[in-house]
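So you can see what is in the structure, the chains are spelled out below.
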Amino acid sequence: MGIAGFIAALAGSVLSLIISFIPVQFTNILLALFLVFLTVMCRMMPHRASIKGCLIGCAILTLVFRFMYMTTIGIILYGICMVAVIAGAVLMNNDSGSYATVGGEKA
Amino acid sequence: MAFGNKEKLPRVHQKINWKKEATMLPGYIIILVWLIFTAAFLLWILAASFSTTPEIMQGNVFKFETGVHFENYAVAWSQQNVARYFGNSLLYSIVGCVFTILISAPASYVLSRYKFICNKIVKNSLIIAMSVPAVMIVLPIYAITASWRNAPDRLIFTILMIFFRVPYTTVFLLNFFQTLSRSYEEAAAIDGCSPAGTFWRIMFPLVQPALVTVTIFNFLGIWNEFFMALIFASSQEIAPVGVGLLQIVNSMKYTGQYGALFAAVIIVFLPTFLLYIFLSEKIIAGVTGGGVKG
Amino acid sequence: MIIGIVSIVLPVLALILQCVFAGFSILCIPSIVTAVFAALAFWKKGPVLALVTVFMAFIQICTLNIQLTAILGLLSAVASVFLMIDCEKFREAHPELVDPKAATKQMIIGFMLPCIITLLVMYAYPVIRTFLMSFFDMQNITAPIAEWSFVGLGKYSKIFASQSFLRSLRNMIMIWVVGGVITLALALLFAIILTSGIRFKKFFRAAIYMPNVISAVALATMWIQYIFNQQYGMLNSIIAFFNGAPINWLSTDMKFWAMLGSFIFGAVGYYMLIFISGIEKIPADLYEAATIDGASKVQQAFKITFPLLKGVTKTNLTFWTINTATFYLWSKMFSPVDTEASVIVPVMYLYDTAFPSKGNIQADAGAAAAVGIVLAVIILAVYLIMNKVIKDDDIEL
């Protein structure tokens, strides 16, 4: 499940990065870059639930902010991307749950 | 088991006690007149939304002589901007509901569980804030937000809606947190869970039914918000359905598309109506149980 | 160590550059908050504080509107992620630092803060400012306090000298009295019928409450465009069926009553629910005893139900008062473009005073605030009188 989550989250964040280039929207590129960064961090440190928290929170914030500004098809595309990111992060979290019981979970 | 069934069976197949029902006849008549009136005009509006303007003007909407006109909905949805109003309202309602819960639930939990200095004061101010009429606060808030013209208007209105629902939500949840047993926290503390972690992992999921109820009320409240929307979100781009519908009605003098107007009315009416059909028991229990207006 | 300093310095740098190139504005606030939280997280080694820093840094990417500062914002967000990991590692290495009492205290503060900020920003400050505004004269609503000039009770005497305000007060009182009597009577009638053992009780109850959940704008549009329509409207069709002369329901004379009627239709359900919950609390054996003694349903209503519903009636009256004082939507729907005297209510007067739609009228925020204060005083007064007159002496049975 963990790898599926990673792929979903990575696909979502990379896709949102790609959409931000057509047309080029500088802020969107930066936001998407940060999401990609967080996704990779999640994969590298699966036992840190807090990074997943960051990823989910930032995906929600992206949704909120993009919805405030956009009015076109972009909303739908972003919506799908962010849902993929959130779902992916949650799936990865499930995976790390079993991991953490071995490594000793942090309260 | 069998015994229980025996006792229940006669009740199910009980014959209608006509004598008893007859004494209630006036009651039935009054209620039915009210309901028929409601149903009649709702059905008429529904039928009118599928008719052409001339048909509506002549008053024969139920005959569908020229067929069923679904295009009214298309006109309302795209030409008259209902799609945008609808999307705006959905955005305000969903974001508003989520953040209201995120602010209110923790506060409500702390207020109901822990004694601290201003506990009582905060509780009372929340109850007072709940009944402060919107007219008392809009002018200064307008003054504050007017200086934020750089910030997107949608964001301002969403934040206002969140803040506007917080007192009600917090007070509503107080009772539910009070009913939860303290043994959950004790058990969690022994397992080494931090207090905040205990809340998010154990207590928050436990009050889920109350969260659902209060979220329904918040959704309805934000979806139907009108006064604040007229002041803070009245421009075409960001208007929610209420204000949008008013604009459609006002422009009706020039467009004259009555079919599309009624289609717009139905579109605005439908989401909360459907919600109500599925959740009416929960909503009614929430109104009377909470004892406060939603 | 280094990562902490970096994550504090980056937002500060972004802030400075933003101020230099674009001037200080509301957009700078997320950067300030980011820097503050980064410093706190660094000082306290708190992972949660660092988590908040990450979110604030993320928001600051959106708000910083120069490319250079936005990139700095992104870098600071990355730095704060590492700061968060750093803090967590530190906590894991020093478990003895975890103090349950301190953790509880932090939780109380963290959980209460958003709520208290809401109360202060959304309620306390505006109410106080509205109160002050009503004693001052100002250019427009947004004028800073320094530019206000004190006029004492001048704004109050101004609004009470205004014909339209007096008219709006009269309309409000009409709604309160006439509408209140009809609404509460209907609600009580329905409540008694529904609790008398009628079939399909749940369905009827849900159907009567229904207008309360649907958008009132949609409901008002239905009434105006269909029921009160002169050509094809429901009421005129019924009149025509009985060979009566059609009535122009939306004429100046009838408009107020048309509005009140449609408003009552929507409002009854809510008060009915409150009455029902009150009636259901009355023990059933009282009625059984009365039935055995030969009391009819009507007698039972007068002898048992009404006297025991005092508390519920008080609740309903309070809600009705608040509802009437803040009555706006229906008036707006019945006079959508220009405010008409026949349906004007105080809130509408307030709106027109504060945000005049016509260019030649000067906005008067002070007078608008005075209207708000008058309404609040009315609600408070009714509430206090109600508490005095109707003692909450529901018999505990």
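As the structure is a computational prediction, the values presented were derived from the model and not from experiment.

Each value, and the rule that gives it
Residues numbered from 1 in each chain as written. Chains lettered and ligands numbered in written order. Predicted model: local features only at pLDDT ≥ 70, side-chain atom pairs only at ≥ 80, totals over all residues. Helix = DSSP H or I, 4+ residues; strand = E, 2+ residues; numbered from the N terminus. Buried ≥ 20, exposed ≤ 12 C-beta atoms within 10 Å, placed from the backbone. Contact = placed C-beta atoms within 7 Å. Rg over C-alpha atoms; globule rule 2.2 N^0.38 Å. Nonpolar A, V, L, I, M, F, W, Y, C, P; charged D, E, K, R; others polar. pLDDT = per-residue confidence, 0-100. Axes fitted to C-alpha atoms, helices over the stretch in contact; angles between N-to-C directions. Left-handed = near helix turned anticlockwise from the far one by under 90°. Core = buried A, V, L, I, M, F, W, Y, C linked by C-beta atoms within 7 Å. Domains from an automatic or database assignment.

S.K.: Can you help me understand the overall build of chain A in this one?
M.R.: Scanning chain A for helices and strands turns up four helices and zero strands. Element order for chain A, N to C, with α for helix and β for strand: α-α-α-α. Per-residue burial for chain A yields a buried fraction of 41% across its 107 residues. Considering only contacts in chain A between residues 6 or more positions apart, those separated by 24 or more positions represent 67%.

S.K.: Is there a simple way to explain the overall build of chain C in this structure?
M.R.: Helix and strand counts for chain C come out as 17 helices and two strands. Computed over C-alpha atoms, the radius of gyration of chain C comes to 30 Å, more than 25% over the 21 Å expected from 2.2 N^0.38 for 397 residues, which places it beyond the range of a compact globule. Dimensions of chain C, computed from the C-alpha atoms along their principal axes, are close to 85 × 65 × 45 Å. A total of 397 residues make up chain C; the buried ones form 45% of that total.

S.K.: How should I be thinking about the environment of Ile322 of chain C in this particular structure?
M.R.: Among the secondary structure elements, Ile322 of chain C is positioned in helix 14 (residues 310-325). Taking C-alpha positions, Ile322 of chain C is 9.1 Å from Leu375 of chain C, a pair spaced 53 residues apart along the chain. Setting aside chain neighbours within four positions, we find Ile322 of chain C in contact with Ser131 and Pro133 of chain B together with Ile379 of chain C.

S.K.: Sorry if this is basic, but what is going on with the interface of chain B and chain C here?
M.R.: Accessible area lost upon the coming together of the parts is a frequently used measure of interface size. On the side of chain C, 74 residues touch chain B, which itself brings 75 residues to the contact. Top contributing element to the side of chain B that touches chain C by residue count: helix 15 (residues 258-290) of chain B, with 12 residues. The residue inventory of the side of chain B that touches chain C, partitioned by class, reads 57 nonpolar, 17 polar and one charged.

S.K.: Sorry if this is basic, but what is going on with the confidence of the model for chain C here?
M.R.: Detailed reading of the predicted coordinates is not advisable wherever pLDDT is low. Residues and elements named next belong to chain C. On average, residues of chain C score 86 in pLDDT, and 97% of them reach the 70 mark or higher. Predicted confidence in chain C is weakest over helix 13 (residues 297-308), with a mean pLDDT of 79, and strongest over helix 7 (residues 163-195), with 93. Note on the complex model: pTM 0.81, ipTM 0.85.

S.K.: How should I be thinking about the confidence of the model for chain A in this particular structure?
M.R.: A residue-level look at chain A finds 79% of positions with pLDDT of 70 or above and a mean pLDDT of 78. Under a pLDDT of 50 for its full length, residues 95-107 of chain A has, in the predicted model, 17 contacts with residues more than four places off or in other chains.

S.K.: What's the story with the packing of helix 5 (residues 100-133) of chain C against helix 17 (residues 365-389) of chain C in this structure? I'm lost.
M.R.: Two packed helices can be described by the angle between their axes and the distance between those axes. Residues and elements named next belong to chain C. Viewed as axis vectors pointing N to C, helix 5 and helix 17 meet at an angle of 115 degrees, and their least axial separation amounts to 7 Å. In this structure, helix 5 crosses over helix 17, and the sense of that crossing is left-handed. Where helix 5 approaches helix 17, its residues Thr130, Phe131 and Met133 are matched on the opposing element by Ala365, Gly366, Ala369, Gly372 and Ile373. Per-class residue counts for the contact of helix 5 with helix 17 are five nonpolar, three polar and no charged.

S.K.: How should I be thinking about helix 16 (residues 346-354) of chain C in this particular structure?
M.R.: Given 3.6 residues to a turn, an α-helix orients residues that are three or four positions apart in the same direction. Extensive coverage of helix 16 of chain C is indicated by the burial of nine of its nine residues. Residues of helix 16 of chain C that are buried include every one of Pro346, Val347, Met348, Tyr349, Leu350, Tyr351, Asp352, Thr353 and Ala354 of chain C, and no others. Against helix 8 (138-146) of chain B together with helix 7, helix 15 (329-334) and helix 17 of chain C lie the buried residues of helix 16 of chain C.

S.K.: What exactly am I supposed to notice about unusual backbone geometry here?
M.R.: With the exception of glycine, most residues fall at negative phi, and the peptide bonds are largely trans. Residues and elements named next belong to chain C. A positive phi angle, near 55 degrees, is found at Lys45, a position not held by glycine. Within the fold, Lys45 resides in the loop between helix 2 (29-44) and helix 3 (47-63). Overall, Lys45 belongs to the partly exposed group, with 18 C-beta atoms counted inside 10 Å. Look at Phe200: it is not a glycine, yet its phi comes out positive at around 55 degrees.

S.K.: Sorry if this is basic, but what is going on with the nonpolar core here?
M.R.: Generally speaking, soluble globular proteins have nonpolar side chains that are buried together. In terms of nonpolar packing, the biggest core is built from 234 residues, with Leu55 of chain A, Ala264 and Val265 of chain B together with Phe275 of chain C touching the most fellow members. Sort the elements by how many residues they give to this core and helix 11 (residues 252-280) of chain C lands first, with 16 residues. Leave out the neighbours within four places in its chain, and Leu55 of chain A touches Ala9, Leu38, Thr39, Cys42, Val85 and Ala89 of chain A.

S.K.: What should I look at first to understand the environment of Pro346 of chain C in this one?
M.R.: All names here are of chain C. Relative to the assigned elements, Pro346 resides in helix 16. You can call Pro346 buried: it has 26 C-beta atoms within 10 Å. Sequence spacing of Pro346 and Ile198 is 148 residues, and the spatial spacing of their C-alpha atoms is 41 Å. Setting aside residues up to four positions removed in sequence, Pro346 forms contacts with Ser168, Leu169, Met172, Val371 and Leu375.

S.K.: Would you explain the domain arrangement of chain C in this entry?
M.R.: Under the domain assignment, chain C is made up of domain 1 (2-98) and domain 2 (157-389). Computed over C-alpha atoms only, the centres of domain 1 of chain C and domain 2 of chain C are separated by 52 Å.

S.K.: What is the right way to read the environment of Gly179 of chain C from this model?
M.R.: All names here are of chain C. Turning to its location among the elements, Gly179 is positioned in helix 7. Take Gly179: there are 21 C-beta atoms within 10 Å of it, and that puts it in the buried class. Considered as a pair, Gly179 and Gly261 are 82 residues apart in the sequence and their alpha carbons are 8.1 Å apart. In contact with Gly179, not counting residues within four places along its chain, are Leu260, Phe263 and Ile264.

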